[in-house]
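Structural overview
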Amino acid sequence: MAASHSPRAPARATARASTENMRAPARASSKNTRASTKDMRAPARATARASTENTRASREKNVRAIFERVAPYYDQMNDAMSLGLHRRWKARAVAAMHLERAGPRTVLDMACGSGDIAARVAQRAHPQSRLICVDNNPAMLALARQRFAQPRLAHLACLKSVRFVRADAASVPLADGCVDIYCVGFGLRNFAERTQALAEAHRLLRPGGHFLCLEFAPEARGWLGAAAHAWTDTVVPQLGAWLAQDKASYIYLRDSIRRFLTPARLEAELRGAGLQRVSHRLMLGGRLALHQGWKVAA
Ligand SMILES: C[S@@+](CC[C@H](N)C(=O)[O-])C[C@H]1O[C@@H](n2cnc3c(N)ncnc32)[C@H](O)[C@@H]1O
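Below: a short report on this structure. (Residues numbered from 1 in each chain as written. Predicted model: local features only at pLDDT ≥ 70, side-chain atom pairs only at ≥ 80, totals over all residues. Heavy atoms only, no water.)

**Quick look at the sheet that holds strand β2 (residues 130-135)**
To be explicit about the condition: In this description, strands pair whenever DSSP reports at least two bridges between them. We count a stretch as a helix when DSSP gives it H or I for four or more residues in a row; a strand needs E for two or more, and each element gets its number in order from the N terminus. Geometry is summarised by axes, namely lines fitted to C-alpha atoms with helices restricted to the contacting stretch, and by angles between N-to-C directions that run from 0 to 180 degrees.
With mixed pairing, the 7 strands of this open sheet are ordered in space as β3-β2-β1-β4-β5-β7-β6. Two strands close off the open sheet at either side, each with one partner strand: β3 (162-166) and β6 (276-283). Strand-to-strand twist of the sheet, defined as the mean angle between neighbouring strand axes without regard to direction, takes the value 15°. Both β2 and β3 contribute to a ladder of 5 bridges, which runs parallel. The residue of β3 that forms the bridge with Cys133 is Phe164.

Listed below in C-alpha cells is the structure:
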C-alpha cells in the first residue's frame, strides 16, 4: 500500500500547492472585493444615516410648528373634535392610576400639552404628591402653566410641587427611577424618536412604576369604529378649517393616526422597551386604546 502511495504523494502535494496558490489570490481578491464593497458601502451608509437624520429633524420641526399653530385653539378644538369625549378618555386613564387609594406619588405627564391630564391627576392625587409636566413645545407648556395658575387648581396642596419641564420625550433631564407613574396622552404618535422615548420612559420609572399611554389606533371595529374613522377622516380637518382656520394641522392629525401602529404592535414596542405586564383596553370601537405596563422590580 505504502509503495503504491509513494509516487502519488509528491503529485498530491504539488496539486495541493497549486490549488492553494490559485486560491490565495482568489481569497485576496475576494478580500479586496469585500474591502472595496465596504468602502463603497460606507458613504452610502453615511448618506442613509444623514437622510434619516434629516427626515427625523424635519418631522420634529413640522410637529413643533403644528403645535405652536394650534396652541391658541387647542382645548376648544379637542372639545369640538371629540364632542367632549376626550374628557372621558382622559378620566379613564387617570382612574387607571388608582391615585385615590395611593399615598404620595410622583406623576410625570409626558407631552402634557395644555395640562389637561395633569390637572385631573392633581385633583385626585395625595396632597403630598409631585407632578411633573413635560413638553418640548414652549407654546403648549405655557398653556399648562396658565391652567395651573387658575384658582380652581391653585388651591390644591400638591400644586406646590408641580414642575414644568421643557424637554423632548427622548431625552428628559431627570434622574433614573424618579417617577412612580409615567403617562403620555396623545403624544407618542407625534414623537420623532419613539423608541428612544419609550426607553426613556422605562429609565424614568422606579422599579414597580406604572406606564400609561392613551393613543389613537389606525384601525377600527364595528359601526362605532367606522363612524369614528369617518369622523376623523372627513369632519376633523373641516372643523380645523372652520374653527382654527388651519385645515393643514388637522390633516396632519388624520394622517398621523393613519400611519400609527396598531395597538398590538405598540404593545410589542412597549415590551421591547422593557415594560412588563403590558396590556391595552380598546375604546371608541377600537379607534382609541389605553395601554398600560409596569417596570417590574429586578
Ligand atoms: C396632541 S397633544 C397632547 C396633549 C395632552 N397630553 C392632551 O392629551 O391633551 C401632543 C403634545 O405632544 C407634544 N410633543 C410632540 N412631540 C414631542 C416630543 N418629542 N417630546 C415632548 N413633547 C412632544 C406637543 O408639543 C403637544 O403638546
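Now, onward.
**A closer look at helix α8 (residues 194-204)**
Heads up, the rule is: Each residue is assigned to one of three classes by its accessible area relative to the maximum for its type, calculated with a 1.4 Å probe on protein chains only: buried under 20%, partly exposed between the two thresholds, exposed over 50%. Along the arc lie the directions from the helix axis toward the C-beta atoms. Working rule for contacts: check all heavy atoms of both residues, and any pair within 4.5 Å makes them a contact.
Taken as a whole, α8 has its buried residues at Arg194, Ala197, Leu198, Glu200, Ala201 and Leu204. Viewed along the axis of α8, the buried residues span an arc of 155°, placing them on a single side of the element. Taken together, the buried residues of α8 touch β1 (106-110), β4 (179-185), β5 (205-216) and α11 (263-272).

**Things to note about the nonpolar core**
Let me state the cut-off plainly: Grouping buried Ala, Val, Leu, Ile, Met, Phe, Trp, Tyr and Cys residues that are joined through side-chain atoms within 4.5 Å yields what is termed a nonpolar core.
Membership of the largest hydrophobic core comes to 49 residues, with the highest contact counts inside it found for Trp89, Met97, Leu99, Val121, Leu131, Phe148 and Tyr250. Apart from residues lying up to four places away in sequence, Met97 is in contact with Val107, Val121, Ile181, Cys183, His210 and Leu212. Ile132, Val165, Phe191 and Leu205 belong to the second-largest nonpolar core, a separate cluster that totals 28 residues.

**Considerations on the side chain of Ser129**
To keep it simple, the criterion reads: Pairs of N or O atoms are called polar contacts if they sit within 3.5 Å, as long as, within protein, a hydrogen donor faces a hydrogen acceptor (for residues adjacent in sequence, only side-chain-to-side-chain pairs).
Examined against the element boundaries, Ser129 turns out to sit in the loop between α5 (116-124) and β2. Polar contacts involving the side chain of Ser129 include one to the main-chain amide nitrogen of Arg105, which spans 3.0 Å.

**Looking at the site of the ligand**
Selection criterion: Only a single heavy atom is needed: when it lies within 4 Å of a molecule or strand, its residue is near that molecule or strand. In short, Shrake-Rupley with a 1.4 Å probe defines the accessible areas, and a residue's cover is counted only from the protein chains shown. Lys, Arg, Asp and Glu make up the charged group, whereas Ala, Val, Leu, Ile, Met, Phe, Trp, Tyr, Cys and Pro make up the nonpolar group; the residues left over, Gly among them, are polar.
The local shell around the ligand holds 20 residues, among which Tyr74, Ala111, Asp135, Ala169 and Gly185 are the closest. Backbone polar atom of Gly185 to a nitrogen atom of the ligand: 2.8 Å apart, as the coordinates give it. In the complex, the protein chains occlude 96% of the 590 Å² of accessible area that the ligand would expose alone. When residues of the shell around the ligand are traced back to their parent elements, those giving at least two are α2 (8-70) and α3 (74-82). For the shell around the ligand, a count of residues per class yields 11 nonpolar, 6 polar and 3 charged.

**Describing the packing of aromatic side chains**
To be explicit about the condition: Here a pair means two rings of Phe, Tyr or Trp (six-membered ring of Trp) with centres within 6.5 Å. Their orientation is stacked below 30 degrees between planes, edge-to-face above 60, and tilted elsewhere.
This model, assessed by the stated rule, comprises 5 aromatic pairs. Taking 6.1 Å as the distance between ring centres and 90° as the angle between the ring planes, the aromatic pair formed by Trp89 and Phe216 counts as edge-to-face. Separated by 127 residues along the polypeptide, Trp89 in helix α4 (residues 85-95) and Phe216 in strand β5 bring together distant segments of the chain. We note that Trp89, like Phe216, is buried. Centroid distance Tyr182 to Phe211: 5.6 Å. Interplanar angle 15°. Geometry classified as stacked. Taken together, the residues Tyr182 in strand β4 and Phe211 in strand β5 connect sequence positions 29 residues apart.

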